[in-house]
Structures are given as structure tokens and as C-alpha cells.
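Observations on chain architecture
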Amino acid sequence: MNKFIAKYLIVIYLLSATELNQLLKLPILFSHFVEHQQQDPSMSFTDFLYHHYAIDHGDDGDAATDNKLPFKSHDHCCSFIFPISIFFTIQLSQIKTIVIEKKNILFSSSANIISAYLSSIWQPPRF
């Protein structure tokens, strides 16, 4: 039962908060393809997708149906938040004082390093 509820909540979230709800428009895509195929029997599905998604085909008399196709318009989906609040009570029994000591750290600049010392690392080992 818990797996079912978890899957159900994931599906609800994905359909409401993402553009996955566009997949619910797939039947419109296929029915519109059938309409175009009745007008032009030589049109393949890839030609149909190219005609409606890749190029600006203008108004061919079915602009209202074209705008209902998946991923042609945005439905301004919004997310929802479950009104579940979990409150934690934290009890501080003792407040500890932390003392931070200030230490002076000395940094040396690269001007103090002898260049011969740096180049000696690239020398072969000496026995």
C-alpha cells in the first residue's frame, strides 16, 4: 500500500509541477496526425512532426488544433505543497561557552624563496 501511495504522489507531482502534463496531450497529436494523413496520404509521422514543430508552417486552417498539440504551448503549470508540517522541539539544557584563541599566522611571499631551491627539484638524484 505504501508503494502505491508513493508512486501515486510522484505521478501527481510530476504532472502538476513539471511539463510532463504535456504527455496527456498525446491523443490530440495522434488524432491531428490522422486528420493530416486523410488530407495527404503520403505524409509520414516524421513529416507531420517536422511540419508542426521544426518549421513555421503558418496558418493552414487548423491553428486552434495546432496550439493544442503537446509542447506547442505552456500551460503555466505550478507546483503545489502538501500542508504537512512537522515541528521539532529542541531543548537546550546547557549553553557552552567557546573560547577562540587568536593566533598569528605568518605567510611568506614567493619573493623569499630562492629560485635555485625551486629548480633543484627537477635535477636527477645525486648519490
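Reference entry: report on the structure contained in this document. (Residues numbered from 1 in each chain as written. Predicted model: local features only at pLDDT ≥ 70, side-chain atom pairs only at ≥ 80, totals over all residues. Heavy atoms only, no water.)

This part is about the overall build of the protein. On a plain count of helices and strands, the protein comes out with five helices and zero strands. Shown N-terminal to C-terminal, the secondary structure of the protein runs as helices and strands in the order α-α-α-α-α. When each of the 127 residues of the protein is scored for burial, the buried share is 12%. A separation threshold of at least 6 residues defines the contact pool for the protein, and within that pool the share at least 24 residues apart is 56%. Carbon and sulfur atoms make up 63% of the accessible area of the protein, which totals about 11900 Å². (Helix = DSSP H or I, 4+ residues; strand = E, 2+ residues; numbered from the N terminus. Buried < 20%, exposed > 50% of the residue type's maximum accessible area, 1.4 Å probe, protein only. Contact = heavy atoms within 4.5 Å. Areas by Shrake-Rupley, 256 points an atom, 1.4 Å probe, with all protein chains shown as cover.)

Here we take up the nonpolar core. Grouped together as the largest cluster of nonpolar side chains are five residues: Leu29, Phe33, Met43, Phe48 and Leu69. If we ignore the near neighbours within four places in the chain, the residues touching phenylalanine 48 are Leu29, His32, Phe33, His36 and Met43. (Core = buried A, V, L, I, M, F, W, Y, C linked by side-chain atoms within 4.5 Å.)

We now examine a nonpolar patch on the surface. A surface patch of nonpolar side chains, amounting to about 820 Å² of accessible area, comprises Ile10, Tyr13, Leu14, Leu20, Leu23, Leu26, Phe30, Tyr53 and Phe71. The set of elements that each furnish at least two residues to the nonpolar patch consists of helix H1 (2-17) and helix H2 (26-39). Within the element layout of this structure, isoleucine 10 appears in helix H1. Judged by relative accessible area, isoleucine 10 falls into the partly exposed class, the value being 49%. (Patch = residues over 30% accessible without salt bridge, like charges linked within 9 Å, V, L, I, M, F, W, Y side chains within 5 Å. Salt bridge = Lys/Arg side-chain N within 4 Å of Asp/Glu carboxyl O.)

We now examine the side chain of histidine 32. Mapped onto the secondary structure, histidine 32 falls in helix H2. Polar contacts involving the side chain of histidine 32 include one to the side chain of histidine 52, which spans 3.1 Å. Not counting residues within four places of it along the chain, the set of residues in contact with histidine 32 comprises Phe48, His52, Asp62, Thr65, Asp66 and Leu69. (Polar contact = N/O pair within 3.5 Å; in protein donor to acceptor, adjacent residues only side chain to side chain.)

What follows deals with the environment of histidine 36. Position of histidine 36 among the secondary structure elements: in helix H2. Owing to a relative accessible area of 7%, histidine 36 belongs among the buried residues under this scheme. In sequence terms histidine 36 and phenylalanine 48 are twelve residues apart; their C-alpha atoms lie 7.7 Å from each other. The residues touching histidine 36, leaving out its near neighbours within four places in the chain, are Met43, Phe48, His51, His52, Asp60 and Asp62.

What follows covers the packing of aromatic side chains. Scanning all chains against the criterion turns up five aromatic pairs. Between the aromatic rings of phenylalanine 4 and tyrosine 8, the centroid separation amounts to 6.2 Å while the plane-to-plane angle is 20°, which identifies the pairing as stacked. Linking phenylalanine 4 with tyrosine 8, this pair stays in helix H1, spanning four residues, or about one helical turn. Ring pairing ties together the aromatic residues Phe30, Phe33, Phe45 and Phe48, which thus form one cluster. (Phe/Tyr/Trp six-rings, centres within 6.5 Å; stacked < 30°, edge-to-face > 60°.)

Before going further, it helps to examine the packing of H2 against helix H3 (residues 45-54). For any two helices packed against each other, one specifies the crossing angle of their axes together with the interaxial distance. The interhelical angle for the contact between H2 and H3, taken along N-to-C directions, is 105°, at an axis separation of 11 Å. Taken together, the axes of H2 and H3 lie roughly perpendicular to each other. Taking contact as the criterion, the partners of Leu29, Phe30, His32, Phe33 and His36 in H2 are, on H3, Phe45, Phe48, Leu49, His51, His52 and Tyr53. Within the contact of H2 with H3, the residues separate by chemical class into seven nonpolar, four polar and no charged. (Axes fitted to C-alpha atoms, helices over the stretch in contact; angles between N-to-C directions. Parallel < 35°, antiparallel > 145°, perpendicular 65-115°, else oblique. Nonpolar A, V, L, I, M, F, W, Y, C, P; charged D, E, K, R; others polar.)

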